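Letter by letter, the chains look like this.
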Amino acid sequence: MQIAQVFQNLIGNALKFHGEGAPEIHIGAERKNDKWVFRVEDNGIGIDRQYADRVFQMFQRLHERGRYTGCGIGLAIAKKIVERHGGRIWFDSKPEHGTTFYFTIPAIQGEPA
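Before going into details, it helps to say that this report is about the structure given with it. Note that this is a predicted model, so its numbers are computed, not measured.

1. A closer look at helix α1 (residues 2–16)
If you check α1, its first and last C-alpha atoms are 21 Å apart, about what 15 residues at 1.5 Å a residue would give, namely 21 Å. Those residues of α1 that are buried are in contact with β1 (25–32), β2 (35–42), α2 (74–84), β3 (89–93) and β4 (99–106).

Below, the structure is given as structure tokens:
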């Protein structure tokens, strides 16, 4: 259930912060050694790298109130969930060209690769 919440927050942000065109979201997963690497990629407004730490802090918004809905807790919750499961979360982005969020979750022992 908690990992579903991570996806819900990331997909919700991709829809909320879409650019001028129709939102496009691509979701993928790949096993790398002893962990799964998930990604949620969008074509939205992007995030400037200077805000890399800030976006994962509770109640931190990058835009003025009224421009976008929300209260700035979605990514903070996603980070807490991922870390609670032994993973990490980060993003690559280019303003006005979209964002890709990545997160890892340890693979289960004996799980096929």
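2. Focus on the pairing of β2
Inspection of the sheet shows β1 paired to β2 by eight bridges, in the antiparallel sense. Looking at β2, one finds that Gly28 is bridged to Arg39. Taking the residues between adjacent antiparallel strands as the criterion, β1 and β2 are bridged by two residues, where Asn33 takes a positive phi near 55°. Pairing geometry for β2 and β4, over seven bridges, is antiparallel. Following the sheet pairing, Val37 is matched in β4 by Thr104.

3. A look at unusual backbone geometry
Despite not being glycine, Asn33 shows a phi value in the positive range, around 55°. By the secondary structure assignment, Asn33 is in the loop between β1 and β2. Backbone geometry places Glu96, a non-glycine residue, at a positive phi of 70°. The topology assignment puts Glu96 in the loop between β3 and β4. A residue is classified by how much of its surface remains accessible, and Glu96, at 60% relative accessible area, is exposed.

4. Some thoughts on the sheet that holds β4
Strands sit in the order β1-β2-β4-β3 across an open sheet of four strands; the sheet is antiparallel. A single partner strand is all that each edge strand has here, and the edge strands are β1 and β3. On average, each strand axis in the sheet is tilted by 20° relative to the strand beside it, whichever way the strands run. Pairing geometry for β3 and β4, over five bridges, is antiparallel. If you follow Asp92 over to β4, its bridge partner there is Thr100. α1 rests against β1, β2, β3 and β4 of the sheet, and its axis sits at about 175° to β4. Its contacts with the sheet place α2 against β3 and β4, and it is angled at close to 25° to β4.

Conventions we followed
Residues numbered from 1 in each chain as written. Predicted model: local features only at pLDDT ≥ 70, side-chain atom pairs only at ≥ 80, totals over all residues. Heavy atoms only, no water. Helix = DSSP H or I, 4+ residues; strand = E, 2+ residues; numbered from the N terminus. Expected span 1.5 Å × (residues − 1). Contact = heavy atoms within 4.5 Å. Pairing = 2+ DSSP bridges. Buried < 20%, exposed > 50% of the residue type's maximum accessible area, 1.4 Å probe, protein only. Axes fitted to C-alpha atoms, helices over the stretch in contact; angles between N-to-C directions.

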